[in-house]
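Chain by chain, the residues run as shown.
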Amino acid sequence: MKSVTHLMQYWLGPYKYKATFIGIRESWASAVQWYLPNILYRELTNNPALLGEIDHENNKQLWPIFENLHYSPLFIDLYDDENQYDGSTTFPNDEVSGYPLGFFNMIISNLTSLDKVSEYLKNYKINGVTDAQIDNLLKIYQEEWKN
């Protein structure tokens with residue numbers, strides 16, 4: 001699934017794909033890999049207990065940010081309403097939710113850096129989301145990715 005996502009990104013513009021910071025590319029591919037099976041399992045099973053056993057809800061949510069910098073839950077965090085923050089610098093403080101993944105699909109070729117992600121999030125804020133919450137979520141990535 002992730003390879004298909006990368007191929008789609010490449011089709012949007014090979015030069016922009018190469019210019020896009022790897023953490024953005026991989027985090028987007030991880031979000032698509034997480035989201036599409038979630039839809040499928042929900043539709044096929046209609047069984048919340050089974051969904052808990054499959055554990056698609058927590059995919060990458062419990063990964064410490066420094067464990068694998070490129071495969072982060074950044075775009076998942078922007079979509080879902082789960083905040084995995086535990087008061088440490090291990091997990092992002094995710095008070096942001098509600099951004100549809102389709103929104104990022106339309107603009108992913110423009111998100112070449114974390115600064116661009118921040119700019120788009122602030123320019124197209126979801127109701128109830130503040131600039132401070134966006135900055136707070138992105139802070140850990142800015143520190144770890146230094147792009």
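Residues numbered from 1 in each chain as written. Predicted model: local features only at pLDDT ≥ 70, side-chain atom pairs only at ≥ 80, totals over all residues. Heavy atoms only, no water.

This part covers the side chain of Gln84. In this fold, Gln84 is placed in the loop between helix H5 (74–79) and helix H6 (101–107). Here Asp77 takes part through its side chain, which lies 3.2 Å from a polar atom of the side chain of Gln84. (Helix = DSSP H or I, 4+ residues; strand = E, 2+ residues; numbered from the N terminus. Polar contact = N/O pair within 3.5 Å; in protein donor to acceptor, adjacent residues only side chain to side chain.)

Counting 28 residues, the largest nonpolar core has Leu74, Phe75, Leu78, Tyr99, Phe104 and Leu111 as the members making the most contacts within it. Listed by contribution, the elements that provide at least two residues to this core are helix H3 (22–45), H5, H6, helix H7 (114–123) and helix H8 (131–145). If one sorts the elements of this core by residue count, H8 sits on top with six residues. When near neighbours in sequence (up to four residues on either side) are disregarded, Phe104 contacts Trp28, Phe75, Leu78, Tyr99, Leu111 and Leu121. (Core = buried A, V, L, I, M, F, W, Y, C linked by side-chain atoms within 4.5 Å. Buried < 20%, exposed > 50% of the residue type's maximum accessible area, 1.4 Å probe, protein only. Contact = heavy atoms within 4.5 Å.)

Below, the discussion takes up the environment of Asp131. Inspection of the secondary structure puts Asp131 in helix H8. Its relative accessible area of 33% is what places Asp131 among the partly exposed residues. The sequence separation of Asp131 and Leu121 amounts to 10 residues, and the corresponding C-alpha distance is 8.4 Å. Contacts of Asp131, omitting those with residues within four sequence positions, involve Lys122 and Lys125.

All chains considered together, the criterion is met by 12 aromatic pairs. Summarising the aromatic geometry, the rings of Trp34 and Tyr79 are spaced 5.8 Å apart at their centres and angled 70° between planes, so their arrangement reads as edge-to-face. Of the two residues, Trp34 sits in helix H3 while Tyr79 sits in helix H5, which places them 45 residues apart along the sequence. Judged by relative accessible area, Trp34 falls into the buried class, the value being 3%. You can call Tyr79 partly exposed: its relative accessible area is 31%. Plain terms: the ring middles of Tyr120 and Tyr124 are 5.9 Å apart, the flat faces sit at 20° to each other, and that makes the pair stacked. With a relative accessible area of 46%, Tyr124 lands in the partly exposed category. (Phe/Tyr/Trp six-rings, centres within 6.5 Å; stacked < 30°, edge-to-face > 60°.)

Bringing the pattern of salt bridges into the picture now. Under the counting rule described, the total for this entry stands at three salt bridges. Lys116 is the salt-bridge partner of Glu119, the closest N and O atoms lying 3.9 Å from each other. On the criterion of helical spacing, the pair formed by Glu119 and Lys116 is a turn pair, its members being three residues apart in helix H7. (Salt bridge = Lys/Arg side-chain N within 4 Å of Asp/Glu carboxyl O.)

The next point concerns H7. Taken together, the buried positions of H7 are Leu114, Val117, Ser118, Tyr120 and Leu121. With its buried residues spanning 165° around the axis, H7 presents them on a single face. (Arc of directions from axis to C-beta.)

Let's shift gears to the packing of H7 against H8. Two elements in contact, H7 and H8, have axes separated by 10 Å at closest approach and are oriented at 170°. By the criterion of interaxial angle, the relationship of H7 to H8 is roughly antiparallel. Between H7 and H8, the contacting residues are Leu114, Asp115, Ser118, Leu121 and Lys122 on the first element and Asp131, Ile134, Asp135, Leu138, Tyr141, Gln142 and Trp145 on the second. Classifying every residue of the contact of H7 with H8 gives six nonpolar, two polar and four charged. (Axes fitted to C-alpha atoms, helices over the stretch in contact; angles between N-to-C directions. Parallel < 35°, antiparallel > 145°, perpendicular 65-115°, else oblique. Nonpolar A, V, L, I, M, F, W, Y, C, P; charged D, E, K, R; others polar.)

What follows is about the confidence of the model for the chain. Taken as a whole, the chain shows an average pLDDT of 76; of its residues, 66% reach a score of 70 or greater. Summarising per-element confidence for the chain, the mean pLDDT is lowest in helix H4 (residues 48–54) (49) and highest in H7 (95). With pLDDT under 50 throughout, residues 50–56 is counted as low confidence; its partners more than four residues away or in other chains account for 10 contacts. (pLDDT = per-residue confidence, 0-100.)

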